[in-house]
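These are the residues of each chain, in order.
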Amino acid sequence: MAHTFNTKYPSIDDLKIKAQKRMPRFAFEYLDGGCNEDVNLIRNTSELREVQLKPNYLRSHQGSSLKTSLFGIEYAAPFGIAPVGLQGLMWPNAPEILAKAAFQHNIPFILSTVTTSSIERVSELTEGKAWFQLYHPAESSLRDDIIKRAEAAECPVLVILCDVPTFGFRPRDIRNGLAMPPKMSIQNVLQVLGKPAWALNTLRYGQPNFETLKPYMPKGLDLKQLGKFMDQTFSGRLNAERIKPIRDMWKGKLVIKGVASHEDAEEAIRLGLDGIIVSNHGGRQLDAGESTIRPLESIAQKYGDQITVMMDSGIRSGPDVARSLASGAEFTFMGRSFMYGVGALGKQGGDHTISLLKAELQQVMEQLCCEKVSDFPNHLIK
Ligand SMILES: Cc1cc2nc3c(=O)[nH]c(=O)nc-3n(C[C@H](O)[C@H](O)[C@H](O)COP(=O)(O)O)c2cc1C
């Protein structure tokens, strides 16, 4: 299938501006914000953009291919869609829009435990190709049940998360009463009234729910009780004791997301994991932390032959993907970029954003004379 992008929105920034116009403020701020003073959020992109690449104009060139093999699967491009919670609140039906687009483009889509579509539904839409991100349940019986569902849904890769030992401190969400779960205050309702496309789509698709978690939630919870349920049900702090049983149980590939140090990378290898995503949750957890591009190069250099090293946080364009791959990532993920696309263009947003990123990345590869994704590191200017 030929995919093209809408020429009115030729950058992620264009999508972000349009999304802001169409989404209620509380939803846009939940998506767009970092934590505390947004220092880490801003650094992610600005420091990534300090990476510079060298072209080889006079070398013979047989054409460039975005195809990338990851965990024995061939994907059409070296980027995928990161897990994002509450997607249906930001744009109605967003997880299904993105899962379908990812499937059609043959790139990975990672479903979050706390998003608004279920493992089973997304597996059906993607013919078992979607990955699943597990928030760590406090009870081992719940953990085992969710893992069995991911296995039955044929998820090839399970992603566990180590960078949410506490909820990030996010002033906008606190102000908006959106510190998980969402609160429909009068202020928020007024914001919705000014966003007709969002409101109409919400009527069409209904109030978003935590579909994967529904079977475990007592019926008729009000919002306050829901918050308590989430707090009691999940316990984000990971350690060897919690990871070992998951490794024993999960027969597919197991990836840990949120690694930002050599110590954690070494622990992941020791525990027999298959991959790490060098990530700081898009700057939403530790404002005083490093950008992800900083530790990436040395982690990839030191551990890249023992474990698959991937990266997310701050990537907003094809050149950004190229910078990350040149710095040693084997694969990249983006969270906000795709959600801006859906906020801006609704149903077309997934296809548009993937097509745009592919076109940008293809241009960079041809410009550099980089034929294969694995050749990117040869273009890094040290
Ligand atoms: C609104 C929002 C919600 C998120 N929810 C989750 C989540 O439920 N699980 C998870 O592993 N990561 C979550 N993340 C982090 C993303 O998976 C990813 O690490 C981050 O978005 C990458 O940074 P980027 O947005 O700059 O691309 C979330 C990020 C955003 C922006």
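Structure first, text after, so check above.
Here goes a summary of the coordinates provided. Fair warning: this is a prediction, and the values are worked out from it, not measured in the lab.

**Some words on the nonpolar core**
Nonpolar side chains tend to gather and get buried jointly when the protein is soluble and globular. Core analysis: the largest hydrophobic core is formed by 101 residues, its most contacted members being Phe79 and Ile276. With seven residues, the single largest contributor to this core is helix α17 (residues 349-368). Among residues more than four places away in sequence, those in contact with Ile276 are Val255, Ile256, Val259, Ala265, Ala268, Ile299, Ile307, Thr308, Val309 and Met310. Judged by nonpolar contacts, the second largest core, of 13 residues, contains Tyr75, Ala82, Val255 and Met310.

**Points about the site of the ligand**
Around the ligand, 24 residues are found, and the nearest of them are Pro83, Ser112, Gln133, Asp312 and Arg316. The contact in question runs from an oxygen atom of the ligand to an N or O atom on the side chain of Asp312, over 2.7 Å. Between Gly335 and the ligand, the recorded distance is 2.9 Å, taken from a backbone N or O atom to an oxygen atom. Its free accessible area being 590 Å², the ligand has 99% of it covered by the protein chains.

**Details of the pattern of salt bridges**
For the structure on display, the rule yields 17 salt bridges. In this structure, the salt-bridge partner of Asp144 is Arg143, at a minimum N-O distance of 2.9 Å. By relative accessible area, Arg143 is classed as buried at 11%. In this structure, Arg270 and Glu267 form a salt bridge, with 2.9 Å as the shortest nitrogen-oxygen distance. Taken together, the residues span about one helical turn, with Arg270 and Glu267 both in helix α13 (residues 262-270) at a distance of three residues. In this structure, a network of salt bridges that share partners links the residues Arg43, Glu47 and Arg294.

**What about the pairing of strand β8 (residues 275-278)?**
The side-chain alternation of β8 yields two buried faces, one formed by Gly275 and Ile277 and the other by Ile276 and Val278. Of the strand pairs in this sheet, strand β7 (residues 253-259) and β8 are connected by four bridges, and their pairing is parallel. Pairing of Lys257 across the sheet is with Ile277, part of β8. Handedness of the crossover is the feature at issue here: the chain leaves β7, passes through α13, returns alongside β8, and the resulting connection is right-handed. Summarising the sheet, β8 and strand β9 (residues 308-311) pair through four bridges and their orientation is parallel. Bridging across to β9, Val278 finds its partner in Met311.

**Thoughts on the environment of Leu41**
Turning to its location among the elements, Leu41 is positioned in helix α3 (residues 39-48). Assessed through its relative accessible area of 14%, Leu41 is described here as buried. A sequence separation of 245 residues divides Leu41 from Leu286, and the C-alpha atoms of the two residues are 9.5 Å apart. What Leu41 contacts, discounting residues up to four positions off in sequence, is Asp32, Gly33, Gly34, Gly282, Gly283, Asp287, Arg316 and Arg336.

**Some thoughts on the side chain of Thr353**
Note on placement: Thr353 falls in helix α17. Overall, Thr353 belongs to the buried group, its relative accessible area being 0%. If we skip the residues at most four places from it in the chain, Thr353 touches Ile12, Leu15, Ser337, Phe338 and Gly341.

**Observations concerning unusual backbone geometry**
Positive phi outside glycine occurs at Leu86, with the angle close to 55°. For Leu86, the position within the fold is in the loop between β3 (79-81) and α4 (87-90). The buried category is assigned to Leu86, whose relative accessible area is 4%. A positive phi angle is found at His281, which is not glycine, with a value near 65°. Since its relative accessible area comes to 16%, His281 is described here as buried.

**Regarding the sheet that holds β7**
Taken in spatial order, the eight strands of this open sheet run β3-β10-β9-β8-β7-β6-β5-β4, and their pairing is parallel. Taken across any chain shown, the strands that pair with only one partner, and hence form the sheet edges, are β3 and β4 (110-112). Across the sheet, the mean angle from the axis of one strand to that of its neighbour is 30°, orientation sign disregarded. Relative to strand β5 (residues 131-134), β4 is paired through three bridges, and the arrangement is parallel. Looking at β5, one finds that Leu111 is bridged to Phe132.

Calculation criteria
- Residues numbered from 1 in each chain as written.
- Predicted model: local features only at pLDDT ≥ 70, side-chain atom pairs only at ≥ 80, totals over all residues.
- Heavy atoms only, no water.
- Core = buried A, V, L, I, M, F, W, Y, C linked by side-chain atoms within 4.5 Å.
- Buried < 20%, exposed > 50% of the residue type's maximum accessible area, 1.4 Å probe, protein only.
- Helix = DSSP H or I, 4+ residues; strand = E, 2+ residues; numbered from the N terminus.
- Contact = heavy atoms within 4.5 Å.
- Near = heavy atom within 4 Å.
- Polar contact = N/O pair within 3.5 Å; in protein donor to acceptor, adjacent residues only side chain to side chain.
- Areas by Shrake-Rupley, 256 points an atom, 1.4 Å probe, with all protein chains shown as cover.
- Salt bridge = Lys/Arg side-chain N within 4 Å of Asp/Glu carboxyl O.
- Pairing = 2+ DSSP bridges.
- Right-handed = clockwise from strand over helix to strand, strands pointing away.
- Axes fitted to C-alpha atoms, helices over the stretch in contact; angles between N-to-C directions.

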